[in-house]
Amino acid sequence: LAARLAGILAAIHAVDATPVLGPPPRAADVAPRELARWSTELAATPQARTPVVDRAVAWLGAHLPPPPHRVTLVHADYRTGNVLHGHGDPGLPDGFRMVLDWEMAHLGDPIEDVAWAQLVCWRVGTGRVGALVEPARWRALYEQASGHAVDAAALRWWEVLGSVKMAFLLERAAARTEHAERALLQRLIAEIADELEQLLAGEVRA
């Protein structure tokens, strides 16, 4: 299943989305643009401005990744929870159906999707990407499927940015939910904070 997910992601990155999304940005502008976008969103969620999140934003600005070798369609919410599988449906084969939730899709660095899929909040306590495979294996599967190497510095940068995004998205969700679900969201917020501490310390797990 992990290999299939990596293959689907590689296929997404091979799609020519310019007829829908317009001309791609310059490669050098991709990371600064996304950082500016999500820094603005963070500013609108002051309850998410914790010391570790503030340090992460400062680190992102000081450690911009190398420009991507290619600018592609980026799903921006690619994870196991957004891939629909079917089983036992009349007239349909078992297996992959579709990828859901395209509202954040844009043209950018494909490594953004690779990093997002391996955020701690999607590991559901297993330490494995999507609860399926170790992070190093996930990256190898993507490299094999896409034919493109995953730059380690870029991966770390996009994972830090993804964790910052999740920190305030979870805070926004927690403010709108009932007590039982809010407890789960607060636990995820704490996991994101711990992960950010490790990422900023350079303790990225292989």
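Shown above is the structure to which this text applies.
Residues numbered from 1 in each chain as written. Predicted model: local features only at pLDDT ≥ 70, side-chain atom pairs only at ≥ 80, totals over all residues. Heavy atoms only, no water.

(A) Local environment of the environment of glutamate 34. Looking at where glutamate 34 falls in the secondary structure, it is placed in helix H3 (residues 30-43). The exposure class assigned to glutamate 34 is buried, which follows from its relative accessible area of 2%. Separated by 127 residues in sequence, glutamate 34 and leucine 161 place their C-alpha atoms 8.7 Å apart. Contacts of glutamate 34, omitting those with residues within four sequence positions, involve His106, Glu112, Trp158 and Leu161. Among the polar contacts listed, one links the side chain of glutamate 34 to the side chain of arginine 33, at a separation of 3.5 Å. (Helix = DSSP H or I, 4+ residues; strand = E, 2+ residues; numbered from the N terminus. Buried < 20%, exposed > 50% of the residue type's maximum accessible area, 1.4 Å probe, protein only. Contact = heavy atoms within 4.5 Å. Polar contact = N/O pair within 3.5 Å; in protein donor to acceptor, adjacent residues only side chain to side chain.)

(B) Layout of the packing of aromatic side chains. As enumerated under the stated definition, the model contains 3 aromatic pairs in all. Seen from their ring centres, tryptophan 157 and tryptophan 158 are 4.8 Å apart, and the 85° between their planes marks the pair as edge-to-face. For the pair tryptophan 157 and tryptophan 158, a shared accessibility class is recorded, and that class is buried. Across from the ring centre of tryptophan 122, 4.1 Å away, lies the NZ or CZ of arginine 79, which sits over that ring. (Phe/Tyr/Trp six-rings, centres within 6.5 Å; stacked < 30°, edge-to-face > 60°. Lys NZ or Arg CZ within 6 Å of the ring centre and 35° of its normal.)

(C) How the structure looks around the pattern of salt bridges. Tallied over the entire structure, the rule returns 12 salt bridges. A salt bridge links aspartate 77 to arginine 79; its shortest N-O distance comes to 3.1 Å. The exposure class of aspartate 77 is buried, given its relative accessible area of 9%. Through salt bridges with shared partners, a single network forms among Arg33, Glu34 and Arg37. (Salt bridge = Lys/Arg side-chain N within 4 Å of Asp/Glu carboxyl O.)

(D) Just the packing of helix H1 (residues 2-13) against helix H6 (residues 135-146), in detail. Between H1 and H6, the least distance of the axes is 8 Å, while the angle of their chain directions is 50°. Classed by the angle they form, the pair H1 and H6 counts as oblique. Our pair here, H1 against H6, has a crossing hand that is right-handed. Every residue of H6 that contacts H1 at Ala2, Ala3, Leu5, Ala6, Gly7, Leu9, Ala10 and His13 is listed here: Trp138, Leu141, Tyr142, Ala145 and Ser146. Classifying every residue of the contact of H1 with H6 by side-chain character gives 10 nonpolar, 3 polar and no charged. (Axes fitted to C-alpha atoms, helices over the stretch in contact; angles between N-to-C directions. Parallel < 35°, antiparallel > 145°, perpendicular 65-115°, else oblique. Left-handed = near helix turned anticlockwise from the far one by under 90°. Nonpolar A, V, L, I, M, F, W, Y, C, P; charged D, E, K, R; others polar.)

(E) Fine view of helix H8 (residues 179-200). Relative to the 32 Å expected for 22 residues at 1.5 Å per residue, H8 spans 31 Å between its end C-alpha atoms, a close match to the ideal helical length. Taken together, the buried positions of H8 are occupied by Leu185, Leu188, Ile189, Ile192, Glu195, Leu196, Leu199 and Leu200. Projected down its long axis, H8 carries its buried residues within an arc of 125°, all on one side. Of the exposed residues in H8, the ones pointing more than 90 degrees away from its buried face are His179 and Ala180. Directly beyond the C-terminal end of H8, a positive phi value near 80° is found at glycine 202. (Expected span 1.5 Å × (residues − 1). Arc of directions from axis to C-beta.)

(F) Looking closely at the packing of helix H4 (residues 51-62) against H8. At a closest axis distance of 10 Å, the pairing of H4 and H8 adopts a crossing angle of 40°. One finds that H4 runs oblique with respect to H8. For the crossing formed where H4 meets H8, the hand is left-handed. Facing H4, whose interface residues are Val52, Val53, Arg55, Ala56 and Trp59, H8 presents Ala193, Leu196, Glu197 and Leu200. Among the residues making up the contact of H4 with H8, the classes are represented as 7 nonpolar, no polar and 2 charged.

Spatial relationships are all this shows, so hold off on functional conclusions.
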